[in-house]
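Notes for the structure review
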Amino acid sequence: MKAEAIAGPLAVETSGPVTGTALAGPSAVVRTDSGTTRLDFANAPSSVEADTGSGSVTLEVPGGPYKADVTTSSGRRAVKVPTDPAAASTLTVRASSGQGTISTP
């Protein structure tokens, strides 16, 4: 599934890979059974939840700070954005089998 330049909230539930580019909406909820999830935001989102059963999850977001949570059962975790537990914007990544990454462009 591919999404490009979505200006509103994004909600996806699928069993394959998901790619989002130039996303400008305030929120995204993406759940996939298997496959890589990559979401690139043009504007800072207020809330993102990305969850995959098997595959890697990568979020690319501008600015910050964010309240960031990356959980993997087996795989590397990387948070490469400014974080603050009191931040208004929340980024959540879950990858049961694969790596989870949150970074800036």
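My aim in this report is to walk through the structure given alongside it, one point at a time. The numbers attached to residues start from 1 for each chain and follow its sequence in the written order. This being a predicted model, a pLDDT of at least 70 is required before a residue's local features are given, and a value of 80 or more before pairs of side-chain atoms are given or counted; all residues contribute to the totals for chains, interfaces and linings. Side-chain numbers come from the whole structure's heavy atoms, not from hydrogens or water.

The next point concerns empty space enclosed by the protein. Buriedness for pockets is judged along seven lines, at least five of which must meet protein on both sides within 12 Å for an open set on the 1 Å grid over protein atoms alone, while cavities are sets there where a 1.4 Å probe fits but cannot get out, and lining residues have an atom within 4 Å of a point. Grid points are joined across faces, edges and corners, and a volume is the space filled by probe spheres set on the points. All chains considered together, the criterion is met by 1 cavity of 30 Å³ or more. As a volume, the largest cavity reaches approximately 30 Å³. Throughout this entry, Asp, Glu, Lys and Arg are counted as charged residues, while Ala, Val, Leu, Ile, Met, Phe, Trp, Tyr, Cys and Pro are counted as nonpolar. The remaining residues, Gly among them, count as polar. Of the residues that constitute the lining of the largest cavity, the class distribution is 5 nonpolar, 3 polar and no charged.

The subject of this paragraph is the side chain of Thr37. Each helix is a run of H or I in the DSSP string that is no shorter than four residues. Each strand is a run of E no shorter than two, and both are numbered from the N terminus. With respect to the secondary-structure elements, Thr37 resides in strand S5 (residues 37-41). Working definition: with a 1.4 Å probe on protein chains only, accessible area under 20% of the residue-type maximum means buried, over 50% means exposed, and in between means partly exposed. For Thr37, a relative accessible area of 1% translates into the label buried. Residues are treated as being in contact if the distance between any of their heavy atoms lies within 4.5 Å. If near-sequence neighbours (up to four positions away) are discounted, Thr37 is found in contact with Val18, Val30, Thr32, Thr52, Ser56, Val57 and Thr58.

With that settled, consider the sheet that holds S5. Here, a strand pair is defined by DSSP locating no fewer than two bridges between the strands. As summarised here, the arrangement of the 6 strands in space is S1-S3-S5-S7-S11-S9, forming an open sheet in which the pairing is parallel. Edge positions in the sheet fall to strand S1 (2-4) and strand S9 (77-80), since each has one partner strand and no second. Across the sheet, the mean angle separating the axes of adjacent strands is 5° when strand polarity is ignored. When S5 meets strand S7 (residues 57-60), the two strands line up parallel, connected through 4 bridges. Paired with Arg38 across the strands is Thr58, a residue of S7. Interaxial angles span 0 to 180 degrees and are taken between N-to-C directions of axes, which are lines fitted to C-alpha atoms, for helices over the stretch in contact.

Glancing now at the sheet that holds strand S8 (residues 67-74). Taken in spatial order, the 5 strands of this open sheet run S2-S4-S6-S10-S8, and their pairing is parallel. Only two strands of the sheet have a single neighbouring strand rather than two, namely strand S2 (10-14) and S8. Between one strand and the next, the sheet's axes are offset by a mean angle of 5°, whatever the strand orientation. The pairing of S2 with strand S4 (residues 27-34) spans 5 bridges and is classified as parallel. The residue bridging Thr14 from the neighbouring strand is Thr32, located in S4.

It is worth spelling out the nonpolar core at this point. Within the largest apolar cluster, 21 residues are counted, with the highest numbers of intra-cluster contacts made by Leu10, Leu39, Leu59 and Ile102. Contributions of two or more residues to this core are made by S2, strand S3 (18-23), S4, S5, strand S6 (47-54), S7 and strand S10 (90-97). Of the residues forming this core, the biggest block, 3 residues, is contributed by S10. Ignoring sequence-local partners within four residues, the contact set of Leu10 consists of Ala3, Leu23, Ser27, Ala28, Val29, Val30 and Leu39. We define the nonpolar core as a collection of buried residues of types Ala, Val, Leu, Ile, Met, Phe, Trp, Tyr and Cys that are connected through side-chain atoms lying within 4.5 Å of one another.

What follows is about the pattern of salt bridges. It is possible for side chains bearing opposite charge to pair when their charged atoms get close. Throughout this description, the term salt bridge denotes a Lys or Arg side-chain nitrogen within 4 Å of a carboxyl oxygen of Asp or Glu. All chains considered together, the criterion is met by 4 salt bridges. Asp40 is paired through a salt bridge with Arg38; the nearest N and O atoms lie 3.2 Å apart. For Arg38, a relative accessible area of 32% gives the class partly exposed. We note a salt bridge from Arg38 to Glu60, for which the minimum N-O separation is 3.2 Å. Note that Arg38 is positioned in strand S5 and Glu60 in strand S7, a separation of 22 residues in sequence. Among the charged side chains, a network of salt bridges with common partners joins Arg38, Asp40 and Glu60.

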